[in-house]
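# Reading the structure
Next come the chains, spelled out residue by residue.
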Amino acid sequence: MAVNPLKKAYLILKELGPTQVAENLLYRAQLRSGWLESRTPASQTTSDYPRGRSSFPTLFAFEWAKDRGRAHQYINLADEVVSGRYRPFSNSPEALDFSLPQPLKHWTKYSDALDGKDIKTFWEPARFTWTIPLCIAYQTTKDEKYSAVFWKNFEQFQKSNPINLGPNWSSAQEVALRLIPWVMVGQALVESKSSTPDRMEYLTQAIWEHCRRIRASLHYARSQHNNHLLSEALGLILGGLVFSQTRQGQLWLALGNREFLNGILALVEEDGTFSQHSTNYHRMLLHLGLIYRQAALQSGITISKPVTERLAASVKWLAGHLDPVSGHAVNFGHNDGTNLLPLGCEEYLDHRPTIQAASHAFLGQSFLPQGSWDDLSACLQLSGSTKNPPTHSILSTPAIHRIGDETTWASLRVCSFKSRPAHADLLHVEIWHKGINLAIDAGTYAYNLPAPWDNALSRTLVHNTVTIGGQNQMLRVSKFLWLERVNATLLSDTVSEITARIIVKSIHAYTHTRSVVKTASNGFIITDEIELAENPGSPLPVTIQWLLPDWKWQIKDSIIQLKDGKQSFGLQVTATAPGMISLVRAGECLSGSESNPIRGWFSETYLQKTPALSYAVKYPVVKHLQIVSNWTLDRN
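This one's a predicted model, so the numbers in the text were calculated from it and none came from an experiment.

## Some words on the nonpolar core
- Among the nonpolar cores identified, the biggest contains 134 residues, and Ile136, Phe150, Trp182, Ile207, Phe260 and Leu343 are the most heavily contacted of them.
- Phenylalanine 260 has contacts with Leu230, Ala233, Leu234, Ile237, Leu288, Gly289 and Tyr292, leaving out every residue within four places of it along the chain.

Written out as structure tokens, the structure is:
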């Protein structure tokens, strides 16, 4: 939808605020003027690197890894790396390859796509997350092959990525995230024969250059008001610890600490809500917070009470979105496949290790009984009381709206935004039963591919809510920016019912009120009341969508029945007007006459999507419509 440039500028200023806009304009001016290119010159050597004045902090513990039974999954992953493969975005194994399109340009010359590919495909191997299993495997077995393969790949990466040249320097956040596993390597592999003094010096020299790159573009990180600032601040802190014997290292440490603490207070609300409105980025927030806590302990920094309280609230927020049976969490908001500390889980969507460790660190107690998810806590030298672990009801916060029990539950997406929205998904409902997600959030899939896959799954129509006249709930002006923000109002929240409302004032203005009720028969009834602000003259299409598992299905009258082995459930959708049913799987129509390439997909992690069933009913509406969705779940 085209927007008048003056109106767009006004709406952006209103959405982001003058501080973020000013930071972004300053960064753009530095970029376009060539100042950033002159500040970060491309070269093979450094002039101010303090040779011989570095040491690695002991942020991580590896004693637990000496138990081969506990470490076997990490050894298996390390053996994959030895064979030349890794798991991008926690997906299937692929070749570990640092090759880049040639010739390399200065980092300021790159955009979000490169050589017809999403730039994140080049960033992913360069995050070095695959290094963590190598560290654990070496500490467990003392086998030199794990250390040797790290150094082989590190040297190849350095050769392929000269200082400030190529896409792997274009994002300061990506630069910062490499420091985390590099610091782990500096601690874990230091006694290896393969870690010669020259190689260790080569590693610290790379960290020095990475900190210089991060420092140069902090205006961009501040302007984003998200995990960029926290990641880059943590990168400066870690680099500052490595070079704590130097004045420059002390400056990086002080700057990084100030930016990180201010960032937590600015980005995390008192109820624990993170500015990015995403469970995956919320996990990233907690990982960054956990590493920061270790760094603070190492450097003698005292974390203030307000910051600790925000981090404690953020633990409760993520725990409130956890499915206790599967360990998965609601998959809403942006999901780019990030898992900075992949310890304690074999599944990417398992959030228990993070919640357990963060609960130890910021709540002073265990969230779960002891289990494999304790590996992350062990690596960070954390422990907590396991007596009477907190239940979901104890950890519920004003930001979480869900009903049911640990086995069967539903959540309603209610948010009054204080920062820019991620997805246009207000009043989206998820339903979980016996560890299975029955009413699904589609996820993300990709940010930077050609249309329709330019962050397409952020749109309203793929969420479990109502779409009016084919429009989004908010005005989408770019992949990541929504204007004319809409907020939800919570009307009631009891043990058996949640009700909320949104008022949309866009082209087709309307009011949408949704209630979610838990029935006595272990099912759910979702009631939607739609009131158009004006009579459109001719009926306006109103569509309700439910994204369902890719199971065997049967539609009869207004009921769709799904079955997978012994598991089954039914969904009946009725309304005060006749509707037209469509069922779409992987973009193809299975029933009815409508299809859409972005309907009928579920993305568990980045650049991965699998078929799901998009069940939708469209109604012609002149003024008012009531829709009732009755979920009947198996009771076996």
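## So, the sheet that holds strand β8 (residues 436–439)
- The sheet built from four strands is open, its strands ordered β5-β6-β7-β8 with antiparallel pairing. Because the sheet does not close on itself, it has two edges, and the strands there are β5 (402–404) and β8. Going from strand to strand, the sheet's axes swing by 25° on average, the running direction of each strand aside.

## Considerations on the sheet that holds strand β21 (residues 588–591)
- Ordered in space as β9-β16-β24-β20-β21, the five strands form an open sheet in which the pairing is antiparallel. Every interior strand has two partners, whereas the edge strands, β9 (466–468) and β21, have only one. Taken over all neighbouring pairs, the strand axes of this sheet differ in orientation by 30° on average, direction set aside.
- Of the strand pairs in this sheet, strand β16 (residues 540–548) and strand β24 (residues 613–621) are connected by nine bridges, and their pairing is antiparallel.

## Some thoughts on the environment of glycine 289
- Relative to the elements of secondary structure, glycine 289 occurs in helix α13 (residues 279–299).
- As for glycine 289 and leucine 230, which are separated by 59 residues in sequence, their C-alpha atoms are 8.6 Å apart.
- For glycine 289, the contacting residues outside a window of four places in its chain are Phe260 and Phe362.

## Regarding unusual backbone geometry
- Backbone torsion omega between glutamine 102 and proline 103 reads -5°, so that peptide bond is classified as cis.
- Take proline 103: it is sitting in the loop between β2 (94–95) and β3 (113–114).
- The phi torsion at leucine 427 lies on the positive side, around 70°, for a residue other than glycine.
- Among the structural elements, leucine 427 can be located in the loop between β6 (408–412) and β7 (429–433).
- Of the residues examined, leucine 427 reaches a relative accessible area of 0% and is grouped as buried.
- Backbone geometry places tyrosine 445, a non-glycine residue, at a positive phi of 75°.
- Checked against the element boundaries, tyrosine 445 lands in the loop between β8 and β9.

## Side note on the packing of helix α9 (residues 197–216) against helix α11 (residues 227–242)
- At a minimum axis distance of 9 Å, the contact between α9 and α11 shows a crossing angle of 140°. The pairing of α9 with α11 is recorded here as oblique in orientation. In this structure, α9 crosses over α11, and the sense of that crossing is left-handed. Across the interface between the two elements, Thr204, Ile207, Cys211, Ile214 and Arg215 from α9 touch Glu232, Gly235, Leu236, Gly239 and Val242 from α11.
- Classifying every residue of the contact of α9 with α11 by side-chain character gives five nonpolar, three polar and two charged.

## Let's talk about the side chain of threonine 108
- Its place among the elements puts threonine 108 in the loop between β2 and β3.
- The buried category is assigned to threonine 108, whose relative accessible area is 14%.
- Among the polar contacts listed, one links the side chain of threonine 108 to the side chain of histidine 106, at a separation of 2.9 Å.
- Excluding residues within four positions of it along the chain, threonine 108 makes contact with Leu31, Leu36 and Glu37.

## Some details on the packing of aromatic side chains
- Under the criterion given, the structure shown has 31 aromatic pairs.
- Judged by centre distance (5.6 Å) and plane angle (20°), the ring pair of phenylalanine 150 and phenylalanine 154 falls under stacked. Residue phenylalanine 150 and its partner phenylalanine 154 are both found in helix α7 (residues 144–160); the two are separated by four residues, about one turn of the helix.
- Where phenylalanine 569 meets tryptophan 631, the ring centres are 5.4 Å apart and the plane angle is 15°; that geometry is what we call stacked. Highlighted residues: phenylalanine 569 in strand β19 (residues 567–575) and tryptophan 631 in strand β25 (residues 624–633), separated in sequence by 62 residues. Summarising the burial analysis for this pair, phenylalanine 569 and tryptophan 631 share the class buried.
- Within the aromatic cluster, the residues linked to one another by ring pairs are Phe98, Phe128, Trp130, Phe150, Trp151, Phe154, Phe157, Trp182 and Tyr202.
- Over the aromatic face of tyrosine 606 sits the side chain of lysine 120, whose NZ or CZ is 5.2 Å from the ring centroid.
- The lysine or arginine in question, lysine 609, covers the ring of tryptophan 453, its NZ or CZ lying 5.2 Å from the ring centre.

Reading the values: the criteria
- Residues numbered from 1 in each chain as written.
- Predicted model: local features only at pLDDT ≥ 70, side-chain atom pairs only at ≥ 80, totals over all residues.
- Heavy atoms only, no water.
- Core = buried A, V, L, I, M, F, W, Y, C linked by side-chain atoms within 4.5 Å.
- Buried < 20%, exposed > 50% of the residue type's maximum accessible area, 1.4 Å probe, protein only.
- Contact = heavy atoms within 4.5 Å.
- Pairing = 2+ DSSP bridges.
- Helix = DSSP H or I, 4+ residues; strand = E, 2+ residues; numbered from the N terminus.
- Axes fitted to C-alpha atoms, helices over the stretch in contact; angles between N-to-C directions.
- Parallel < 35°, antiparallel > 145°, perpendicular 65-115°, else oblique.
- Left-handed = near helix turned anticlockwise from the far one by under 90°.
- Nonpolar A, V, L, I, M, F, W, Y, C, P; charged D, E, K, R; others polar.
- Polar contact = N/O pair within 3.5 Å; in protein donor to acceptor, adjacent residues only side chain to side chain.
- Phe/Tyr/Trp six-rings, centres within 6.5 Å; stacked < 30°, edge-to-face > 60°.
- Lys NZ or Arg CZ within 6 Å of the ring centre and 35° of its normal.

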